[in-house]
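In case you want the letters, here they are:
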Amino acid sequence: MIKNTANPILGILGVGYFASYFITSLRNGGYEGTIYLSPRNAQTAKRLSEEHRCLIAQNNQDVIDKSDIILISVRPEQLSDLLGQLSFRNDQIVISAVAGKTIDEHFTIADNLPPTLIRMIPVCSIEAGEGVVPIFPSNAEVEKLANYTGTPISFDSEHDFDLALTTSCMNGWLYEFFGTMTDWLEKKGLSQDKARKVILHNIRGATAYALQKDDQKLADITREIATEGTFTLEGLNLLKKQQGFTAWDQALDHVHKKLGE
Ligand SMILES: NC(=O)C1=CN([C@@H]2O[C@H](COP(=O)(O)OP(=O)(O)OC[C@H]3O[C@@H](n4cnc5c(N)ncnc54)[C@H](OP(=O)(O)O)[C@@H]3O)[C@@H](O)[C@H]2O)C=CC1
């Protein structure tokens, strides 16, 4: 059992890009628990200890020994090396942020993991306090932790979790899409600052509006706006004719297949 359920002690193995945004998000969201970091990436660990009140452990085993919940955020190819010589207590919760490795694959790589192994892979937007935090399987302690960072969504199957992960890649494509529209505005004469604000607040408004209409299908919101004779409908028809939306489906299909390989 976790010793301090209000503030479980979090240990992090793999202190790189993911750990940086996750810790920033936790602290911004008000998480006051102790955080122990693996010392391997000394520069990042030092920065996080200074900026976000983390403690640097002596080594990876020290991280585990001092923590209730251990987050693994090394790259997939580094997982077996990391887990090789470590030992966990059976009452600990391990969260893995390692993309593309199933729960079974984790246990195949390392038979020393405790029984409670949870996959949780949020995207970097949680640093701004927004974004989905996919979790599998559901776990109350992990959901509580994730709640500091964004919107936790727990899935009933790894298949569903992987679908959510696929759209995490989509989250990355969106910036390219937003950038294309911003560039268009700039080419037409708008300043960079104004173009960026117009696009980003348009999109933020669209998501906020849709989130408050959760009983309505998203396509129905479009149908309400893009009525006969509107410029919105003309643009929409052009996008459809140019396969503007099916191209996104194809990219999602591609990534989903890759995740399952
Ligand atoms: N980057 C992202 O946006 C996202 C990443 N993820 C997942 O997060 C994980 C980490 O990705 P990311 O943060 O980008 O990668 P990084 O390379 O930035 O971070 C991984 C860190 O783990 C360290 N590390 C490697 N082996 C060990 C070890 N044996 N003991 C202690 N530390 C070790 C690395 O140190 P060193 O540099 O010395 O090897 C590095 O500091 C991946 O599995 C990825 O799938 C998930 C969602 C999004």
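Definitions and cut-offs
Residues numbered from 1 in each chain as written. Predicted model: local features only at pLDDT ≥ 70, side-chain atom pairs only at ≥ 80, totals over all residues. Heavy atoms only, no water. UniProt positions renumbered as here; feature names shortened; annotations may be inferred. Buried < 20%, exposed > 50% of the residue type's maximum accessible area, 1.4 Å probe, protein only. Helix = DSSP H or I, 4+ residues; strand = E, 2+ residues; numbered from the N terminus. Pairing = 2+ DSSP bridges. 1 Å grid on protein atoms, 1.4 Å probe; cavity = no way out; pocket = protein on both sides within 12 Å on 5 of 7 lines; lining within 4 Å. Points joined across faces, edges and corners; volume = space filled by probe spheres on them. Nonpolar A, V, L, I, M, F, W, Y, C, P; charged D, E, K, R; others polar. Domains from an automatic or database assignment. Contact = heavy atoms within 4.5 Å.

Per an unreviewed UniProt entry, the protein carries the name Pyrroline-5-carboxylate reductase catalytic N-terminal domain-containing protein and comes from Kiloniella litopenaei. Entered under Sequence similarities (unreviewed entry) in the UniProt record, the comment concerning the protein runs "Belongs to the pyrroline-5-carboxylate reductase family."

A. Highlighting the pairing of strand β5 (residues 93-96). The side-chain alternation of β5 yields two buried faces, one formed by I93 and I95 and the other by V94 and S96. Of the strand pairs in this sheet, strand β4 (residues 69-72) and β5 are connected by four bridges, and their pairing is parallel. Across the sheet, residue I69 finds its bridge partner in β5, namely I93.

B. Here's a closer look at the layout of surface pockets. Looking at the second largest pocket, its volume works out to about 950 Å³. F18, S73, V74, R75 and Q78 are the residues nearest the centre of the second largest pocket, which is lined by 36 residues in total. Elements represented by at least two residues in the lining of the second largest pocket include exactly α1 (17-28), α4 (79-83), α7 (158-187) and α11 (246-260). For the lining of the second largest pocket, the residue count by class is 21 nonpolar, eleven polar and four charged. Composition of the lining of the second largest pocket by domain shows at least three residues from each of domain 1 (10-156) and domain 2 (163-260).

C. Examining the environment of I126 more closely. Mapped onto the fold, I126 is located in the loop between β6 (116-120) and β7 (132-136). Taking the relative accessible area as the measure of exposure, I126 reaches 0% and is therefore buried. Once residues within four sequence positions are removed from consideration, I126 is found in contact with Y21, F22, S25, G131, V133, T149 and G150.

D. Geometry of the UniProt feature "domain: Pyrroline-5-carboxylate reductase catalytic N-terminal" (unreviewed entry) in the protein. UniProt records the feature "domain: Pyrroline-5-carboxylate reductase catalytic N-terminal" (unreviewed entry) for residues 10-100 in the present numbering. Along residues 10-100 the backbone is 38% helical and 19% strand, and the end-to-end C-alpha distance reaches 23 Å.

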